[in-house]
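# Observations on the model geometry
Listed below, chain by chain, are the residues.
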Amino acid sequence: MKRIYLDNAATTPLDPVVFEAMVPYMKEHFGNPSSIHGFGRTTRAAVETSRRQVAKMLNVTPGEICFTSGGTEADNMAINCAVNDLGIKHAITSAIEHKAVLQTLQHLEAQGKIKLSLVNLKEDGVVDLEHLEQLLQTNERTFVSLMHGNNEVGNILPLKKVGALCESYDAIFHSDTVQTMGHFPLDLGDINIHFITCAAHKFHGPKGAGFLYINKDIPFSPMILGGGQERNRRGGTEYVYGIVGLAKALEIATNEMEEHKAHVLDIKFYMKEQLEQHIPGVDFNGLCSRDCLYTVLNVCFPHTDKADMLLYSLDIDGIAVSGGSACSSGADAGSHVLRGINADMSRPSIRFSFSKFNTREEIDYCVSKLKELFAIPVA
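Throughout what follows, the structure given in this document is the object of discussion. (Residues numbered from 1 in each chain as written. Predicted model: local features only at pLDDT ≥ 70, side-chain atom pairs only at ≥ 80, totals over all residues. Heavy atoms only, no water.)

### Describing the overall build of the chain
Of the regular secondary structure elements, the chain holds 12 helices and 12 strands. Taken over the C-alpha trace, the chain has a radius of gyration of 21 Å; the compact-globule value for 379 residues is 21 Å, and the two agree within 12%. Seen through its principal axes, the chain has C-alpha atoms that stretch 65 × 55 × 35 Å. The buried share of the chain, taken over its 379 residues, is 56%. (Helix = DSSP H or I, 4+ residues; strand = E, 2+ residues; numbered from the N terminus. Rg over C-alpha atoms; globule rule 2.2 N^0.38 Å. Buried < 20%, exposed > 50% of the residue type's maximum accessible area, 1.4 Å probe, protein only.)

### Focus on the sheet that holds strand 10 (residues 296-300)
Note on sheets: strands pair through backbone hydrogen bonds, and any given pair is parallel or antiparallel. Sheet architecture is open: three strands sit in the order 9-10-12, paired in antiparallel fashion. Only two strands of the sheet have a single partner each, and these edge strands are strand 9 (283-284) and strand 12 (349-353). Pairing analysis gives two bridges linking strand 9 to strand 10, with the strands arranged antiparallel. From the neighbouring strand, Phe284 faces strand 10, where its bridge partner is Val299. Sheet strands in contact with helix 9 (residues 257-278) are strand 9, strand 10 and strand 12, and its direction is about 15° off that of strand 10. (Pairing = 2+ DSSP bridges. Contact = heavy atoms within 4.5 Å. Axes fitted to C-alpha atoms, helices over the stretch in contact; angles between N-to-C directions.)

### A word on unusual backbone geometry
Phi is positive for Glu230, which is not a glycine, with a value near 50°. At Arg231, a residue that is not glycine, the phi angle is positive and equals roughly 60°. By the element assignment, Arg231 lies in helix 7 (residues 229-232).

### Topic: the packing of aromatic side chains
If you walk through the whole model with that rule in mind, you get five aromatic pairs. Residues Phe184 and Tyr294 carry aromatic rings whose centres are separated by 5.4 Å and whose planes lie at 40° to one another, so their mutual orientation is tilted. With a gap of 110 residues between them, Phe184 in the loop between strand 6 (172-176) and strand 7 (195-199) and Tyr294 in the loop between strand 9 and strand 10 connect regions that are remote in the sequence. Comparing Phe184 with Tyr294 shows no difference in burial state: the two are buried. (Phe/Tyr/Trp six-rings, centres within 6.5 Å; stacked < 30°, edge-to-face > 60°.)

### Considerations on the pattern of salt bridges
Scanning the model with the defined rule gives 15 salt bridges in all. Residues Asp15 and Lys356 are paired through a salt bridge, measuring 2.7 Å at the closest nitrogen-oxygen approach. Here the residue Asp15 occupies a position in the loop between strand 1 (4-5) and helix 1 (16-26), and Lys356 occupies one in the loop between strand 12 and helix 12 (360-373), the gap between them amounting to 341 residues. On the basis of relative accessible area, Lys356 is assigned to the buried category, the value being 18%. Residue Glu48 is joined to Arg51 by a salt bridge in which the shortest nitrogen-to-oxygen separation is 3.0 Å. (Salt bridge = Lys/Arg side-chain N within 4 Å of Asp/Glu carboxyl O.)

### As for the environment of Ala45
Positionally, Ala45 belongs in helix 2 (residues 38-58). Remark: the alpha-carbon pair of Ala45 and Ile267, spanning 222 residues in sequence, is separated by 40 Å.

### Here we look at helix 12
Taking 1.5 Å of rise per residue, the 14 residues of helix 12 would be expected to cover 20 Å, and the 20 Å separating its terminal C-alpha atoms lies within 8% of that figure. Within the span of helix 12, buried status applies to Glu362, Ile363, Tyr365, Cys366, Val367, Lys369, Leu370, Lys371 and Leu373. Summarising the contacts, the buried residues of helix 12 are in contact with strand 1, helix 9, helix 10 (310-316), strand 11 (319-320) and strand 12. In the stretch just after helix 12, Ala375 is the one whose phi turns positive, near 55°. (Expected span 1.5 Å × (residues − 1).)

### With respect to the pairing of strand 2 (residues 65-68)
Because side chains alternate across strand 2, one face comprises the buried residues Ile65 and Phe67, and the other comprises Cys66 and Thr68, equally buried. Looking at chain direction, strand 2 and strand 8 (residues 210-214) are connected through four bridges and run antiparallel. Following the sheet pairing, Thr68 is matched in strand 8 by Gly210.

### Observations concerning the environment of Ile218
Counting through the fold element by element, Ile218 comes out in the loop between strand 8 and helix 7. Its relative accessible area of 12% is what places Ile218 among the buried residues. Measuring from C-alpha to C-alpha, the distance between Ile218 and His194 comes to 7.4 Å, with 24 residues separating the pair along the chain. Ignoring anything within four residues of it in the chain, the contact list for Ile218 reads Cys81, Leu86, Ile172, His194 and Phe195.

### Observations regarding the nonpolar core
With 46 residues, the main nonpolar core has Leu58, Ile65, Leu132, Val144, Met181, Leu188 and Phe211 as its most contacted residues. Elements with a minimum of two residues in this core: helix 1, helix 2, strand 2, helix 5 (129-136), helix 6 (159-168), strand 7, strand 8 and helix 8 (240-255). Apart from the residues lying within four places of it in its own chain, the contact partners of Leu188 are Leu58, Val60, Ile193, Ile196 and Tyr213. Formed by 34 residues, the second largest nonpolar core is a distinct cluster that contains Leu6, Ala9, Phe284 and Tyr365. (Core = buried A, V, L, I, M, F, W, Y, C linked by side-chain atoms within 4.5 Å.)

### Section: a nonpolar patch on the surface
A surface patch of nonpolar side chains, about 320 Å² in accessible area, is lined by Leu14, Phe19, Met26 and Tyr241. Secondary-structure assignment places Phe19 in helix 1. (Patch = residues over 30% accessible without salt bridge, like charges linked within 9 Å, V, L, I, M, F, W, Y side chains within 5 Å. Areas by Shrake-Rupley, 256 points an atom, 1.4 Å probe, with all protein chains shown as cover.)

### Details of the pairing of strand 6
Burial runs high along strand 6: five of the five residues are buried. Where burial is concerned, the two faces of strand 6 agree: the one with Ile172, His174 and Asp176 and the one with Phe173 and Ser175 are both buried. The parallel pair strand 5 (residues 142-145) and strand 6 is bridged by helix 6, and the resulting crossover is right-handed. In this sheet, strand 7 lies alongside strand 6 in parallel orientation, the contact comprising three bridges. Each residue of the ladder has a partner; that of Asp176, found in strand 7, is Thr197. (Right-handed = clockwise from strand over helix to strand, strands pointing away.)

Structure representation (C-alpha cells):
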C-alpha cells in the first residue's frame, strides 16, 4: 500500500541533511553548555553559532533570539511577558488564532489581568484592519497578537501594515509565525514588531526546538525559572542538537525558499484543479489564492453519509491528512477556525498541506481515492 503524507502543517519530515548536522551533538559533543570545561565550551559554541545564524536570517541581533521548546511555549512566553512586564491591560486577537494564543489570553482574562477583544474578520477570515484600528483607540496599554499565516485555512496577515498600525497607537505587536517561518522571507528590521515565534518541525527541522524573537527594547522576565540560560530569559539546559538542527533547517529553507515555493504551489494548485474537475460540489475554505500560505489547501467536500469516516477512510488508504489543527486532534468539537470564518460545519472539510517532498503522482493517487469515497466513477 502506498503511504502519502499530506499533513505538513502538523509537522514535516526531518530533512536528512538536518539530521546529519545534528548527529555529532547527539554522540560526540554531549557536554552541558553551561559547563566551563572543553565539553561544555564545544556545545556552547554550537548554540551561539546557531543563534547568530538565525539572527542573521531574520536581520536581528543574536541577543534577540531566545531558544524554546517550540511555538506554544514561545507564544506563552510573549503573552505572559507582555502582561507581567509591560503593563498590558487590553489584548486584541482574532477568533481563528492558534489555541496557544487564544487559550493563554482567555486564561489571563479569566484571571482579571486583561480585557480581551476579538477583531472582526472579513469574508474568508481576513482581518478587518479598520476594526483593528478602532480597537486600538483606547487609553489602555494594548497588546496585539495576530498570526502571520493561519495554520488551517492559510490566510496571510500583512505584517508591515499591522506593525505600522500598532506603532501609531504605541501597542505591543506579537505574531505567531510558526507556519510562515522558513516559507516566507521575514526581515524583522523592516517591520515594527516586538515578538515572533518559531517551531523547527514546521520546516523540516526537529520537534521540540523553536525560538521566540524578543525585540531588544523589550524588558523580559523569565516564565521558566531555575537557571540563567538563554541570557536569563529561560531556565533549563539547552536542547543543543535540536537548536543546531533548527538553524540548519532554517538555513536550507531560506536558501531554497523560491525553489520550494514554486514546487509546492504547483502541487497545491494541481490538486485544486483535480478536485474541481473530478468532485462536483467541492469548495475551499479561506482565501485560496497564490498570495496565501502556499503550503495549505483546506477543502470543503459535498455532503455525504460517510463524512464522519472520511479521515479514517483516507488513512486506511495510506493517506495522512487532517481535519484541522493537529494540536487539537484530541478534541471533537470541530475546528474553531472554520467556525470563526463561518464555514459550513455540516459539510466535511479536510486540510491538505504540502512540502518539498510531495509529488503530482501522490496527488493523483489521493484524488483517485477521494473519487472512490464520493462514488465518482473512475474514468
